[in-house]
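# Observations on the model geometry
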Amino acid sequence: MRTEATPVQVMGIDAGGTMTDTFFVSSDGQFVVGKAQSNPADEAQAIYESSNDALAAWNRRVEDVYPELLTCVYSGTAMLNRVVQRKGLDVGLMCNKGFEDVHSMGRALQSYLGYALEDRIHLNTHRYDEPLVPLSRTRGVAERTDVQGKVVIPLNEDDVRKATRELLAKGSQAIVISLLQSHKNGDNERRARDICLEELEKLGSDIPVFATVDYYPSRKESHRTNTTVLEAYAAEPSRKTLKGVSDRFKQHGGKFDLRVMATHGGTIGWKAKELARTIVSGPIGGVIGSKFLGELLGYDNIACSDIGGTSFDMAMITKGSFAIKSDPDMARLVLSLPLVAMDSVGAGAGSFVRIDPYSGSIKLGPDSAGYRVGMCWPESGLDTVSVSDCHVVLGYLNTENFLGGAIKLDVERARHYLKVQIADPLGLSVEDAAAGVIELLDLQLREYMRSTISAKGYNPADFVCFSYGGAGPVHTYGYTEGLGFEDVVVPAWAAGFSAFGCACAEYEYRYDMSVDVAVPPGSSDEVKQQAGITLTKGWNELAEKVIEEFVINGFKPEDVMLRPAYSMQFLGQLNDLEIDSPISAASTVEDWEKMVAAFDETYGRVYATSASSPELGFGVTKVIMRGSVISQKPELPEEELSGKEPPKEALIGKRPFYRHKKWHDADVWSMEALKAGNHIVGPAVIESDATTFVVPKGFETTLDKHRLFHLKEVK
């Protein structure tokens with residue numbers, strides 16, 4: 001056990017639906033991972049317990065370490081859960097007169113978002129969720145701005161005053177203003193905002209007002225309105241949760257300002273103006289961590305795979321970069337948020353297992369046991385078996401060492417309920433029923449990975465697969481078998497890998513703004529020059545907003561490093577690509593040509609050089625500004641290589657392990673006791689307090705000097 005009091009500088013938090021992981025980095029780059037059950041009612045307490053679990057490895061206490069921390073990054077699902085469960089603030093919406101029903105109607109695709117294919121293709125299965133803002137708290141005002149940004153009907157200011165009074169009388173706790181085409185000309189929307197604030201002051205109310213032009217000045221009204229409504233509906237209540245977490249740190253001597261992982265892959269302060277950007281953050285941490293490791297190890301192409309208790313999340317890093325979605329969907333809502341491109345399946349280690357009453361087949365999820373694990377935990381209060389119950393029955397998990405022994409699992413209880421609910425109805429033994437569930441889950445995930453990679457025009461053989469998450473190492477062999485990855489890597493700290501990614505992330509704010517810049521083929525130099533000037537003007541506006549956010553968090557403007565970007569497409573094409581600008585400002589034809597060249601290079605990487613179509617001309621759809629400040633990062637551990645033979649003290653014993661209709665005697669190893677260079681041949685189970693790495697017969701693994709396990713199939 002490490003006992004020297006090396007200062008601890010960085011902390012990462014991944015508050016998932018099942019477990020809360022913490023990750024601490026010392027000043028010399030070493031790190032330690034902790035784990036505790038999530039506590040939806042008191043996230044701060046779960047973080048405290050997870051911190052104690054981590055710091056025990058260094059023989060240190062929270063009260064000693066929190067005062068040393070320079071920064072802490074939080075990621076979690078609390079805001080997303082608040083939206084899904086419809087437990088946000090009562091929001092009022094002010095829109096154009098005649099368009100009061102648009103938000104309640106929703107976009108057509110919102111009626112099937114998140115559905116499986118069989119439900120998407122049948123209209124009678126489609127449904128709309130309750131709108132975030134009901135029609136009773138929606139008011140229209142007379143105004144119209146056309147698609148070119150020209151005001152054709154002036155704003156009726158009396159309508160705004162009347163709407164404000166009525167929305168307040170209806171119990172609105174916040175007001176959102178969204179007017180048509182305000183991204184092209186926001187004057188009327190800003191004026192409506194100011195009048196609304198004036199009227200609220202007269203009425204003695206201090207409820208917040210959110211104008212879309214101040215937050216998400218982008219095209220697509222439904223996306224823009226939904227995202228701004230989220231700021232009022234869920235972000236403000238979540239800010240209170242984050243304040244509670246921050247205050248808990250201060251109770252134990254913390255002097256840092258809490259940061260939160262944002263959807264674009266950077267981190268922002270919890271006091272940030274646009275907190276809706278943190279609606280989903282946990283899985284993104286893993287992608288950032290994978291990119292960080294890839295850069296250090298020289299991996300250009302990485303398939304990121306994260307299995308938690310609720311879902312399987314996958315992302316692709318190609319040539320060192322990940323893609324950003326500009327119009328993603330979340331919680332069955334279309335949004336205007338930059339989001340790290342990820343694909344998710346509602347299947348994880350906590351997914352409920354049922355027999356479909358119509359087909360008689362096994363159905364997994366999409367709902368999950370979450371932090372309650374499964375029927376194997378007597379105190380769970382559940383009545384449906386989960387994938388974790390199958391793990392216990394098959395011998396994957398140590399029932400006495402789940403979460404380091406904090407929770408005792410009952411294998412006989414799991415067997416009983418699996419027999420009653422799954423095995424008997426299918427006419428199978430309990431072991432075969434449990435093994436069938438695991439094989440089905442692995443098959444679903446394997447085919448999902450294969451199809452996702454192939455659909456983007458790649459071959460798995462060109463990628464290194466990173467497997468992480470609390471349940472990742474349990475299933476790694478199953479969902480990578482036969483895909484032919486160049487390598488399969490399981491970090492020893494897989495259970496806290498998303499928290500590790502949070503610690504790797506830049507302290508970065510990002511703002512976007514829609515523009516309409518077209519440069520048709522054969523355009524004059526004057527047109528190209530004007531295009532660059534328009535983009536520079538947009539960058540300058542966004543730079544002011546980025547710097548303002550850092551000033552709110554105590555930084556000076558000169559501390560901020562600005563990085564402009566833009567989204568470009570060939571004219572007439574539907575999809576654009578986000579490009580890091582090779583220049584900080586554009587005012588000449590040469591500047592424009594440099595931007596086109598950067599687009600061409602990215603287009604050839606994402607699609608193919610042969611698909612390039614410069615004869616169509618070029619269009620810029622969005623300007624982007626990122627700003628960051630220097631922050632501490634973890635260093636990759638590096639140990640001296642030992643021999644292939646593991647030390648005898650690392651062998652804990654043997655445990656029966658069921659696979660392919662046979663029980664095998666698997667060697668059980670202590671993950672922490674294994675040395676760099678050790679080689680293990682399956683069947684084996686490698687245990688730590690936070691996760692379990694399963695190496696079945698037909699597989700072998702080697703632990704490298706960075707404490708990364710490399711899993712290979714034995715030919």
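Looking at an unreviewed UniProt entry, the protein carries the name Acetone carboxylase subunit beta, with the source organism given as Advenella faeciporci.

### So, the overall build of the protein
Each helix and strand in the protein was counted, giving 17 helices and 35 strands. Its C-alpha atoms give the protein a radius of gyration of 27 Å, near enough to 27 Å, the size a compact globule of 715 residues would have. Residue pairs in contact within the protein that sit at least 24 positions apart in sequence constitute 68% of those at least 6 positions apart. By element, 51% of the accessible surface of the protein is carried by carbon and sulfur atoms, the whole surface being about 28900 Å². Averaging the positions of the 75 positive and the 98 negative side-chain charges in the protein gives two centres separated by 2 Å.

### Points about the side chain of Glu 549
Here Glu 549 is to be found in helix H16 (residues 525-552). For Glu 549, the side chain forms a polar contact with the side chain of Tyr 511, separated by 2.6 Å. If sequence neighbours within four positions are ignored, Glu 549 has contacts with Ala 272, Lys 273, Glu 274, Tyr 509 and Tyr 511.

### Remarks on the packing of H16 against helix H17 (residues 589-606)
Running from N to C, H16 and H17 point in directions that differ by 75°, and their axes come no closer than 8 Å. Judged by the angle between their axes, H16 and H17 are roughly perpendicular. In this structure, H16 contributes Asp 525, Lys 528, Ala 531, Leu 535 and Trp 539 to the contact, and H17 contributes Val 589, Trp 592, Glu 593 and Met 595. A breakdown of the residues in the contact of H16 with H17 according to their chemical character gives six nonpolar, no polar and three charged.

### Overview of the state of the cysteines
Taken as a whole, this structure holds zero disulfides when the rule is applied. For the unlinked cysteine Cys 304, the closest cysteine sulfur is that of Cys 465, found at 8.4 Å. Looking at Cys 304, the relative accessible area reads 0%, which means it is buried. With relative accessibility at 0%, the residue Cys 465 sits in the buried group.

### Some words on the pattern of salt bridges
As enumerated under the stated definition, the model contains 39 salt bridges in all. Arg 137 serves as the salt-bridge partner of Asp 90, at 3.7 Å between the closest nitrogen and oxygen. Separated by 47 residues along the polypeptide, Asp 90 in the loop between helix H3 (78-84) and strand S5 (91-96) and Arg 137 in the loop between helix H5 (117-120) and strand S6 (138-141) bring together distant segments of the chain. Residue classification places Arg 137 among the buried positions, given a relative accessible area of 11%.

### Quick notes on the sheet that holds S5
Backbone hydrogen bonds hold the strands of a sheet together, and the pairing may be parallel or antiparallel. Here we have four strands laid out as an open sheet, ordered S6-S5-S9-S10, and parallel in their pairing. Looking at strand neighbours, the two that pair on one side only are S6 and strand S10 (209-211), the edges of this open sheet. Averaged over neighbouring strand pairs, the angle between their axes works out to 20° when direction is ignored. Sheet topology places strand S9 (residues 174-177) next to S10; three bridges connect them, and they run parallel. Paired with Ile 175 across the strands is Val 209, a residue of S10. Relative to the sheet, helix H9 (residues 221-251) contacts S5, S9 and S10, its axis offset from that of S10 by approximately 155°.

### Remarks on the sheet that holds strand S29 (residues 651-659)
What the four strands build is an open sheet, ordered S29-S30-S32-S33; its pairing is mixed. Each edge of the open sheet is held by one strand with a lone partner, namely S29 and strand S33 (692-695). Put simply, the sheet's adjacent strands are angled 25° from each other on average, direction ignored. Inspection of the sheet shows S29 paired to strand S30 (residues 662-670) by eight bridges, in the antiparallel sense. Looking at the pairing, Leu 651 lines up with Trp 669 of S30. The sheet strands contacting helix H14 (residues 472-480) are S29 and S33, and the helix crosses S33 at an angle near 25°.

### Comments concerning helix H13 (residues 430-455)
Think of an α-helix as turning once every 3.6 residues; residues three or four places apart then point the same way. Taking 1.5 Å as the rise per residue, H13 with 26 residues should run 38 Å; its terminal C-alpha atoms sit 37 Å apart, in good agreement. Phi turns positive, to about 85°, at Gly 457, one or two residues after H13.

### Let's talk about the environment of Val 353
Within the secondary structure, Val 353 sits in strand S21 (residues 351-355). Residue Val 353 is classed as buried on the basis of its relative accessible area of 1%. Taking C-alpha positions, Val 353 is 31 Å from Val 714, a pair spaced 361 residues apart along the chain. The contact partners of Val 353, leaving out residues within four places of it in the chain, are Ile 362, Lys 363, Leu 364, Thr 384, Val 385, Ser 386, Val 387, Ile 422 and Val 437.

### Things to note about the pairing of S5
Counting buried positions along S5 yields six of six residues, so the element is predominantly enclosed. The sheet contact formed by S5 and S6 spans four bridges and is parallel. Residue pairing in the sheet places Asn 96 in a bridge with Val 141 of S6.

### Quick notes on helix H7 (residues 187-202)
Given a rise of 1.5 Å per residue, 16 residues ought to cover 22 Å, and the 23 Å separating the end C-alpha atoms of H7 matches this to within 8%. The complete set of buried residues in H7 reads Asn 188, Glu 189, Ala 192, Arg 193, Ile 195, Cys 196, Glu 199 and Leu 200. Note on H7: the residue one or two positions beyond its end, Gly 204, has a positive phi of about 75°.

### A word on the nonpolar core
Across soluble globular proteins, you tend to see nonpolar side chains buried next to one another. Counting residues in hydrophobic clusters, the biggest one holds 160 residues, and the most contacted among them are Phe 24, Phe 249 and Trp 493. If you tally residues by element for this core, the top one is H13, at ten residues. Counting residues in hydrophobic clusters, the runner-up holds 36 residues, among them Ala 543, Val 546, Met 595 and Tyr 603.

Parameters and conventions
- Residues numbered from 1 in each chain as written.
- Predicted model: local features only at pLDDT ≥ 70, side-chain atom pairs only at ≥ 80, totals over all residues.
- Heavy atoms only, no water.
- Helix = DSSP H or I, 4+ residues; strand = E, 2+ residues; numbered from the N terminus.
- Rg over C-alpha atoms; globule rule 2.2 N^0.38 Å.
- Contact = heavy atoms within 4.5 Å.
- Areas by Shrake-Rupley, 256 points an atom, 1.4 Å probe, with all protein chains shown as cover.
- Lys, Arg positive; Asp, Glu negative; His and termini not counted.
- Charge placed at Lys NZ, Arg CZ, Asp CG, Glu CD.
- Polar contact = N/O pair within 3.5 Å; in protein donor to acceptor, adjacent residues only side chain to side chain.
- Axes fitted to C-alpha atoms, helices over the stretch in contact; angles between N-to-C directions.
- Parallel < 35°, antiparallel > 145°, perpendicular 65-115°, else oblique.
- Nonpolar A, V, L, I, M, F, W, Y, C, P; charged D, E, K, R; others polar.
- Disulfide = S-S within 2.5 Å.
- Buried < 20%, exposed > 50% of the residue type's maximum accessible area, 1.4 Å probe, protein only.
- Salt bridge = Lys/Arg side-chain N within 4 Å of Asp/Glu carboxyl O.
- Pairing = 2+ DSSP bridges.
- Expected span 1.5 Å × (residues − 1).
- Core = buried A, V, L, I, M, F, W, Y, C linked by side-chain atoms within 4.5 Å.

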